[in-house]
Amino acid sequence: MKLSFKHRYGPWAVIAGASHGMGAAFAELLAERGVNCVLVARRTEALEKLKAELTARHAVEVLWVSQDLSRPGAAQKLIATVGAREVGLFVYNAGGDPFITRFLDSSRADWASLLRLNALTLMECAHAFGGAMLGRRRGGLILVGSQAALGGIRKLAVYSATKGFAMNLGESLWAEWRDHGVDVLNLLIGTVDTPTMREAMVKLKIPDALNMPLPKAEDIARLALAELGNGPTLIHPEDVGLTDPQRGPGFARRKQVIGKSAEAAVFIGND
Ligand SMILES: NC(=O)c1ccc[n+]([C@@H]2O[C@H](COP(=O)([O-])OP(=O)(O)OC[C@H]3O[C@@H](n4cnc5c(N)ncnc54)[C@H](OP(=O)(O)O)[C@@H]3O)[C@@H](O)[C@H]2O)c1
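Since the model is a prediction, treat every value here as computed from it, not as a measurement.

Caption draft 1: Main features of the pairing of strand β3 (residues 62–66). Bridge count between strand β2 (residues 36–41) and β3: five bridges; the pairing is parallel. Bridging from a neighbouring strand, L39 pairs with W64 of β3. Read as a crossover between parallel neighbours, the route from β2 over helix α3 (residues 44–57) to β3 is right-handed.

Structure, rendered in structure tokens:
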């Protein structure tokens with residue numbers, strides 16, 4: 001029997017980076033499906049407001065947690081706050097580059113904070129929440145990534161490196177967990193209309209920064225939920241609307257993960 005979304009990925013979802021943009025869109029779509037939400041971000045007011053909106057519109061419980069995920073110990077604190085709640089879906093959306101400079105034009109401390117946000121905190125949360133899901137043999141992880149994961153980019157060195165880390169982590173976990181009931185999806189996106197993106201474009205004096213048409217955050221979140229079972233990697237927009245999905249770059253990555261896992265098994269075991 002096919003489980004409903006709520007039974008497959010509920011009763012709780014943790015959405016890291018939920019105060020606006022895609023994270024807030026994920027929360028809305030999940031609450032609509034009856035999944036309780038833990039909303040995590042730094043902006044207290046935005047989180048409080050979103051909680052009020054979600055609970056007014058949907059019969060769900062919402063907990064908000066104001067926390068900077070780029071700080072040391074962030075994952076441990078978040079995991080402790082979530083406590084015994086049964087988390088069936090973990091969405092890691094926080095992770096835009098707040099610096100966007102050449103490598104030497106930001107400090108080592110700044111880059112270390114981005115590394116913690118996009119790699120260490122993500123890995124520790126995936127271990128805790130994913131581990132519990134594996135024990136229950138159901139659940140899902142959505143790692144909101146970037147096409148910057150696919151190769152280095154000028155002025156995005158640490159961002160691109162950390163997004164590569166997240167993508168490889170997600171693809172490996174998909175390979176380990178796919179036969180155990182836990183779905184993993186890396187969502188690699190190009191550009192999306194989020195407050196952070198618009199602010200960055202204005203700051204960088206990009207022509208038409210506020211009006212340039214961009215894909216909508218809600219459409220991307222909806223796509224990710226629909227494709228959660230088709231991991232490990234979905235590349236937007238290249239993988240979308242193909243008559244033959246097997247011709248998309250996401251399918252090529254899946255083949256690569258399966259092939260390389262089989263090849264490696266000869267040397268590192270198939271357990
Ligand atoms: N927008 C794009 O065009 C684009 C393109 C490619 C990939 N992406 C990826 O999509 C995801 C979302 O991007 P975005 O443009 O919405 O930007 P973002 O700056 O990552 O913001 C997303 C959410 O994360 C929260 N957040 C950011 N830094 C945080 C921190 N240190 N601790 C806790 N929460 C934090 C933000 O809220 P607070 O500010 O309240 O903390 C917001 O709710 C990111 O992973 C990004 O890499 C975006």
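Caption draft 2: The arrangement of helix α9 (residues 249–268) in detail. An ideal rise of 1.5 Å per residue puts 28 Å on 20 residues; α9 measures up with 27 Å between its terminal C-alpha atoms. Looking only at α9, the buried set comprises G250, V257 and A265. Buried-residue contacts for α9 involve α6 (157–177) and β7 (233–236). G269 sits one or two positions beyond α9 and adopts a positive phi of about 95°.

Caption draft 3: Region of interest: the site of the ligand. Lining the immediate environment of the ligand, one finds 29 residues, of which S19, R42, N93, Y159 and T194 sit closest. Between the ligand and Y159 there is a distance of 2.6 Å, counted from an oxygen atom to a side-chain nitrogen or oxygen. If you map the ligand onto the pockets, it falls in the largest pocket. Among the secondary structure elements, those contributing two or more residues to the shell around the ligand are β5 (139–146), α6 and α7 (195–203). Here the shell around the ligand gets three residues from one element, more than from any other, and that element is β5.

Caption draft 4: Representation of the side chain of S19 in the model. Mapped onto the fold, S19 is located in the loop between β1 (12–16) and α2 (21–32). Discounting chain neighbours no more than four positions away, the residues touching S19 are A24, A41, R43, A46 and L47.

Caption draft 5: Structural view of empty space enclosed by the protein. The tally for this structure, following the rule as stated, stands at one cavity of 30 Å³ or more. As for the largest cavity, its lining consists of Y92, A94, N118, L122, L143, V144, K163 and A166. Grouping the amino acids of the lining of the largest cavity by side-chain chemistry returns six nonpolar, one polar and one charged.

Caption draft 6: Broad picture of the packing of aromatic side chains. The full count for this structure, using the stated rule, is five aromatic pairs. Taking the centre distance of 5.2 Å and the plane angle of 45° together, the rings of F90 and F129 count as tilted. Separated by 39 residues along the polypeptide, F90 in strand β4 (residues 87–92) and F129 in helix α5 (residues 108–136) bring together distant segments of the chain. Here F90 and F129 have matching classes, each one buried. When the ring of F103 is compared with that of W111, the centres are 6.4 Å apart and the planes differ by 20°; the resulting orientation is stacked. Look at W111 and you get buried, because its relative accessible area is 7%. Directly above the aromatic system of F5 lies the positively charged group of R33, at a separation of 5.5 Å from the ring centroid. Over the ring of W12 we find R85, and its NZ or CZ is 5.2 Å from the ring centre.

Caption draft 7: Spotlight on the environment of I268. Here I268 is to be found in helix α9. Relative accessible area serves as the criterion here: at 67%, I268 is assigned to the exposed category. Considered as a pair, I268 and L204 are 64 residues apart in the sequence and their alpha carbons are 47 Å apart.

Caption draft 8: Spotlight on unusual backbone geometry. A cis amide bond, omega 5°, links G231 with the succeeding residue P232. With an omega of 10°, the peptide bond running from H236 to P237 counts as cis. Within the secondary structure, P237 is located in the loop between β7 and α9. Positioned with a positive phi, I100 is a non-glycine residue whose angle comes to about 40°. Despite not being glycine, K155 has its phi angle at roughly 70°, a positive value. Mapping K155 onto the fold places it in the loop between β5 and α6.

Caption draft 9: Quick look at the pairing of β1. Across the five residues that make up β1, a large majority, five, are buried. By the alternation rule, side chains of β1 split into W12, V14 and A16 and A13 and I15, which are all buried. Pairing of β1 with β2, which is carried by five bridges, proceeds in the parallel orientation. The partner of A13 across the bridge, within β2, is C37.

Reading the values: the criteria
- Residues numbered from 1 in each chain as written.
- Predicted model: local features only at pLDDT ≥ 70, side-chain atom pairs only at ≥ 80, totals over all residues.
- Heavy atoms only, no water.
- Pairing = 2+ DSSP bridges.
- Helix = DSSP H or I, 4+ residues; strand = E, 2+ residues; numbered from the N terminus.
- Right-handed = clockwise from strand over helix to strand, strands pointing away.
- Expected span 1.5 Å × (residues − 1).
- Buried < 20%, exposed > 50% of the residue type's maximum accessible area, 1.4 Å probe, protein only.
- Contact = heavy atoms within 4.5 Å.
- Near = heavy atom within 4 Å.
- Polar contact = N/O pair within 3.5 Å; in protein donor to acceptor, adjacent residues only side chain to side chain.
- 1 Å grid on protein atoms, 1.4 Å probe; cavity = no way out; pocket = protein on both sides within 12 Å on 5 of 7 lines; lining within 4 Å.
- Sits in = over half its atoms within 2 Å of the grid points.
- Points joined across faces, edges and corners; volume = space filled by probe spheres on them.
- Nonpolar A, V, L, I, M, F, W, Y, C, P; charged D, E, K, R; others polar.
- Phe/Tyr/Trp six-rings, centres within 6.5 Å; stacked < 30°, edge-to-face > 60°.
- Lys NZ or Arg CZ within 6 Å of the ring centre and 35° of its normal.

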